[in-house]
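Letter by letter, the chains look like this.
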Amino acid sequence: MVHGTHNALQDDRNDSILISINDQLFERNEAKISVFDSGYLVGDGVWEALRLHHGVLVFKEDHFNRLWEAAATVGMHLPFSKDELEAKVRHVLDANQMTDGVHVRIMVTRGIKKTPSQDPRLTISGPNVVIIPEYKTASNESKEKGISLFTSTIRRGSPDYLDPRLNCHSKLHEVQALIQAIEAGADEALMLDIHGFVATCNATNFFIVKGSEVWTSTGKYSMNGITRAKVIEVCKANDITCHEKDFSLFDVYGADEAFVTGTFGGLTPVTKIDGRVIGDGNYGNMTKTLSDLYNQLINTVVNDARN
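The rules behind each value
Residues numbered from 1 in each chain as written. Predicted model: local features only at pLDDT ≥ 70, side-chain atom pairs only at ≥ 80, totals over all residues. Heavy atoms only, no water. Axes fitted to C-alpha atoms, helices over the stretch in contact; angles between N-to-C directions. Helix = DSSP H or I, 4+ residues; strand = E, 2+ residues; numbered from the N terminus. Parallel < 35°, antiparallel > 145°, perpendicular 65-115°, else oblique. Contact = heavy atoms within 4.5 Å. Nonpolar A, V, L, I, M, F, W, Y, C, P; charged D, E, K, R; others polar. Phe/Tyr/Trp six-rings, centres within 6.5 Å; stacked < 30°, edge-to-face > 60°. Buried < 20%, exposed > 50% of the residue type's maximum accessible area, 1.4 Å probe, protein only. Lys NZ or Arg CZ within 6 Å of the ring centre and 35° of its normal. Pairing = 2+ DSSP bridges. Core = buried A, V, L, I, M, F, W, Y, C linked by side-chain atoms within 4.5 Å.

Caption draft 1: Structural context of the packing of helix 7 (residues 226-237) against helix 9 (residues 285-306). Running from N to C, helix 7 and helix 9 cross one another at 105°; their axes reach a closest spacing of 10 Å. Judged on the interaxial angle alone, helix 9 and helix 7 are roughly perpendicular. Together, Thr227, Lys230, Val231, Glu233, Val234 and Cys235 of helix 7 and Leu290, Leu293, Tyr294 and Leu297 of helix 9 make up the contact between the two elements. Its residues assigned to classes, the contact of helix 7 with helix 9 comprises seven nonpolar, one polar and two charged.

Listed below in structure tokens is the structure:
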């Protein structure tokens, strides 16, 4: 079994899910997109992922705002409103009779090209909207065991050529970083920024704990993580000192705890980095506290939406 932050429990219900492609529903094995799709040809697309808890799309506004911002960044017009996109998501969720424990992936590409090319003017239809809902529960093994990281030589890029905050289909540099980590025997990759400071991981955001303080990067070279923002929010709400600052591997190797954040896994402890055990090498108390506070925030959002 693959071990990491996206390690989900096996759920046979996913074998028969319906997937939405431009508002039409297809069985999983029949859900296909053209080889002339912009996303397939040149990675020209944006995406978003969010979770369904007890009928509520958690932090929906944050996720939709990020999707619209990403589309604006790449010059892609979305010919529907946020309410209309939610209706599209609800349509496929209802068709699958899904109400809880669901991870929803929304992918929007510029559309179909008349010929293989980067040129957006050669797009003849679109955008294409694919919505994949799956039953996904994060494995407790990752929580209890923790994950290991390897510091990749692939750097998080400068915002003047591919802003790390952009949720786009062009993820090859992150895949390269992850491959390095896997070949080094780790679960996932830690990535530095162009100045050599710690930035983020290949698919999650990164935090360390130093004494009673929580540290994360400045965010200048990191993914625009919504879970990251919520952890910072719960720190402030509970008088836990949280610094967004530059720090190096020197600080990381001597940290008391480390963890990563993401929409799917929430908070996942990191127990080893570059072969070095972090802290006591287990699921630390601060990480557990913040994970509980994050889950309480989700419950509050769900209860407010249902009342």
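Caption draft 2: Molecular detail of the packing of aromatic side chains. In total, this model carries five aromatic pairs according to the counting rule given. A ring pair is formed by Phe64 and Trp68, whose centres lie 6.3 Å apart and whose planes are at 45°; its orientation type is tilted. Note that Phe64 and Trp68 are positioned in helix 2 (residues 60-73) at a spacing of four residues, about one turn of the helix. Taking the relative accessible area as the measure of exposure, Phe64 reaches 4% and is therefore buried. Relative to Phe247, the ring of Trp215 lies with its centre 6.0 Å away and its plane at 55°, an arrangement referred to as tilted. Taken together, the residues Trp215 in strand 13 (residues 213-216) and Phe247 in the loop between strand 14 (242-244) and helix 8 (249-253) connect sequence positions 32 residues apart. Residue classification places Trp215 among the buried residues on the basis of a relative accessible area of 10%. We classify Phe247 as buried; its relative accessible area is 1%. Taken together, Phe64, Trp68 and Phe80 form an aromatic cluster joined through their ring pairs. Of note, Arg13 hangs over the ring of Tyr135, and the distance from its end group to the ring centre comes to 3.5 Å.

Caption draft 3: Spatial organisation of the sheet that holds strand 4 (residues 56-57). In space, the six strands of this open sheet follow the order 2-1-8-5-3-4, with antiparallel pairing throughout. In this open sheet, the two edge strands, each paired with only one partner strand, are strand 2 (24-27) and strand 4. On the sheet, helix 2 packs against strand 3 (45-53), strand 4 and strand 5 (102-109) and is oriented at approximately 175° with respect to strand 3.

Caption draft 4: Looking closely at the nonpolar core. If you look at the biggest cluster of nonpolar residues, it comprises 32 residues, and the most contacted ones within it are Leu93, Val104 and Ile106. Listed by contribution, the elements that provide at least two residues to this core are strand 1 (18-21), strand 3, helix 2, helix 3 (82-95), strand 5 and strand 8 (128-135). Among the nonpolar cores identified, the runner-up in size contains 22 residues, and Val234, Cys242, Phe259 and Leu297 belong to it.

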